[in-house]
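Now for the letters of each chain:
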Amino acid sequence: MARLGAVSLLVRDYDEAVAFYVGTLGFALSEDTDMGGGKRWVRVTPKGGETSLLLAKATTEEQRARVGDQAGGRVWLFLETHDLMRDHAAWLAAGVRFREEPRHESYGKVVVFEDLYGNAWDLIEPARTGD
């Protein structure tokens with residue numbers, strides 16, 4: 001059986017991306033390996049998660065044009081939490097930009113936020129089954 005190990009995310013700068021994902025969102029720095037020539041293998045992982053983001057520094061004009069727009073403005077990453085209101089309040093206080101107020105959907109509580117480059121994410125607290 002296979003598992004998704006990492007998803008590549010284009011960034012302008014490794015250190016500013018690490019500062020946001022680790023310092024602001026509370027992800028763990030899973031790996032930061034110098035590959036030489038200014039290239040690094042940097043992975044950040046949500047605490048308790050298995051799949052990490054591979055922070056890939058944009059090096060071409062085409063890649064730089066896509067930083068912050070990897071999904072054409074759509075939400076493309078979905079982060080699950082056990083306490084959406086706690087995380088929303090903490091991230092709001094830390095300066096994270098939210099596109100809306102938290103709302104209830106059939107699948108749980110959800111709110112759309114942006115990473116430091118403007119990529120849209122869903123923060124989701126899944127509905128509890130059997131309550």
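Just so we're clear, the structure is a prediction, and the values are computed from it rather than from any experiment.

Procedures and definitions
Residues numbered from 1 in each chain as written. Predicted model: local features only at pLDDT ≥ 70, side-chain atom pairs only at ≥ 80, totals over all residues. Heavy atoms only, no water. Helix = DSSP H or I, 4+ residues; strand = E, 2+ residues; numbered from the N terminus. Buried < 20%, exposed > 50% of the residue type's maximum accessible area, 1.4 Å probe, protein only. Polar contact = N/O pair within 3.5 Å; in protein donor to acceptor, adjacent residues only side chain to side chain. Contact = heavy atoms within 4.5 Å. Phe/Tyr/Trp six-rings, centres within 6.5 Å; stacked < 30°, edge-to-face > 60°.

Novice: Could you give an account of the side chain of asparagine 119, naming the residues involved and the relevant values?
Specialist: With respect to the helices and strands, the residue asparagine 119 is situated in the loop between strand E8 (108-114) and strand E9 (120-126). Judged by its relative accessible area of 2%, asparagine 119 falls in the buried class. One polar contact links the side chain of asparagine 119 to the main-chain amide nitrogen of aspartate 69, over a distance of 3.4 Å. A polar side-chain atom of asparagine 119 sits 3.0 Å from a polar atom in the side chain of aspartate 115. Sequence-distant contacts of asparagine 119, defined by excluding residues within four places in its chain, comprise Leu9, Gly68, Asp69, Gln70, Trp76, Phe113 and Glu114.

Novice: Kindly report on the packing of aromatic side chains, identifying the contributing residues and their values.
Specialist: What the rule picks out here adds up to 7 aromatic pairs. Relative to phenylalanine 27, the ring of tyrosine 21 lies with its centre 5.6 Å away and its plane at 45 degrees, an arrangement referred to as tilted. One exposure class covers both tyrosine 21 and phenylalanine 27, and it is buried. Consider the rings of phenylalanine 27 and tryptophan 121, whose centres lie 6.4 Å apart with planes at 70 degrees: the pair is edge-to-face. Remark: tryptophan 121 occurs in strand E9 and phenylalanine 27 occurs in the loop between helix H1 (14-24) and strand E2 (28-36); sequence separation between them is 94 residues. The pair phenylalanine 27 / tryptophan 121 is uniform in exposure class, with both members buried.

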